[in-house]
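Descriptive structure summary
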Amino acid sequence: TMAAIQLTLTETEYADTGKSGLISWLINGINLEDAQDALRADIWQLPQDASMAQKAVVEEKQQKLAACISKFHETADAMTDSIEVDTGMEHIDDVR
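Residues numbered from 1 in each chain as written. Predicted model: local features only at pLDDT ≥ 70, side-chain atom pairs only at ≥ 80, totals over all residues. Heavy atoms only, no water.

This part takes up the packing of aromatic side chains. Aromatic ring pairs are defined here through the distance separating the ring centres and the angle between the ring planes. Following the criterion strictly, the structure yields 1 aromatic pair and no others. Between W25 and F72, the aromatic rings sit 4.6 Å apart at their centres with planes inclined by 5 degrees, giving stacked as the arrangement. Placement of the pair is W25 in helix α2 (residues 22–45) and F72 in helix α3 (residues 52–79), with a sequence separation of 47 residues. You can call F72 buried: its relative accessible area is 14%. (Phe/Tyr/Trp six-rings, centres within 6.5 Å; stacked < 30°, edge-to-face > 60°. Helix = DSSP H or I, 4+ residues; strand = E, 2+ residues; numbered from the N terminus. Buried < 20%, exposed > 50% of the residue type's maximum accessible area, 1.4 Å probe, protein only.)

The structure is reproduced here in structure tokens:
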């Protein structure tokens, strides 16, 4: 299962380095995508005449997810801090 694969990769990464790293970050990203999908479903399931309580529950989920996404990006920035990217490169799809 996906959970078993994630566990194996995470355990291997920690055993090799003694800390969480890229694999854990990628798994976190996948989990965030799943949370976005779940939130999207919650929003679609709201009735037209949703109560304030129902709207508040969805708003709270949105804010929590936004905070998690922000932390995910901060982690990415920290992980790539020393990586230099040559912004002068142009991507070419068709080399003909």
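From this point on, the discussion continues.
Tallied over the full model, the rule gives 3 salt bridges. One salt bridge connects R40 with D37, and the closest N-O pair in it is separated by 2.9 Å. Linking R40 with D37, this pair stays in helix α2, spanning 3 residues, or about one helical turn. Assessed through its relative accessible area of 43%, D37 is described here as partly exposed. Of the charged contacts in the structure, one is a salt bridge between E60 and K64, with a shortest N-O distance of 3.2 Å. Of the two residues, E60 and K64 both sit in helix α3, 4 residues apart, roughly one turn of that helix. (Salt bridge = Lys/Arg side-chain N within 4 Å of Asp/Glu carboxyl O.)

With that settled, the discussion passes to a nonpolar patch on the surface. Where nonpolar side chains cluster on the molecular surface, the patch consists of M2, I5 and L9 and spans about 290 Å² of accessible area. With respect to the helices, strands and loops of the structure, M2 is situated in helix α1 (residues 2–17). (Patch = residues over 30% accessible without salt bridge, like charges linked within 9 Å, V, L, I, M, F, W, Y side chains within 5 Å. Areas by Shrake-Rupley, 256 points an atom, 1.4 Å probe, with all protein chains shown as cover.)

Between its first and last C-alpha, α3 extends 40 Å over 28 residues, near the 40 Å set by a 1.5 Å rise per residue. Looking at α3, one finds that the buried residues are V58, L65, F72 and A76. If you follow the buried residues of α3, they end up packed against α2. (Expected span 1.5 Å × (residues − 1). Contact = heavy atoms within 4.5 Å.)

Let us look at α2. Side chains that are three or four residues apart share a direction in an α-helix, a result of its 3.6 residues per turn. Taking 1.5 Å per residue, 24 residues should reach 34 Å; α2 reaches 35 Å between its end C-alpha atoms and fits that length. Residues of α2 that are buried include every one of S24, I27, G29, L32 and L39, and no others.

What follows concerns the confidence of the model for the protein. Overall, the predicted model of the protein reaches an average pLDDT of 83, with 78% of residues at or above 70. Mean pLDDT per element in the protein: α1 is the minimum at 70, and α3 is the maximum at 93. (pLDDT = per-residue confidence, 0-100.)

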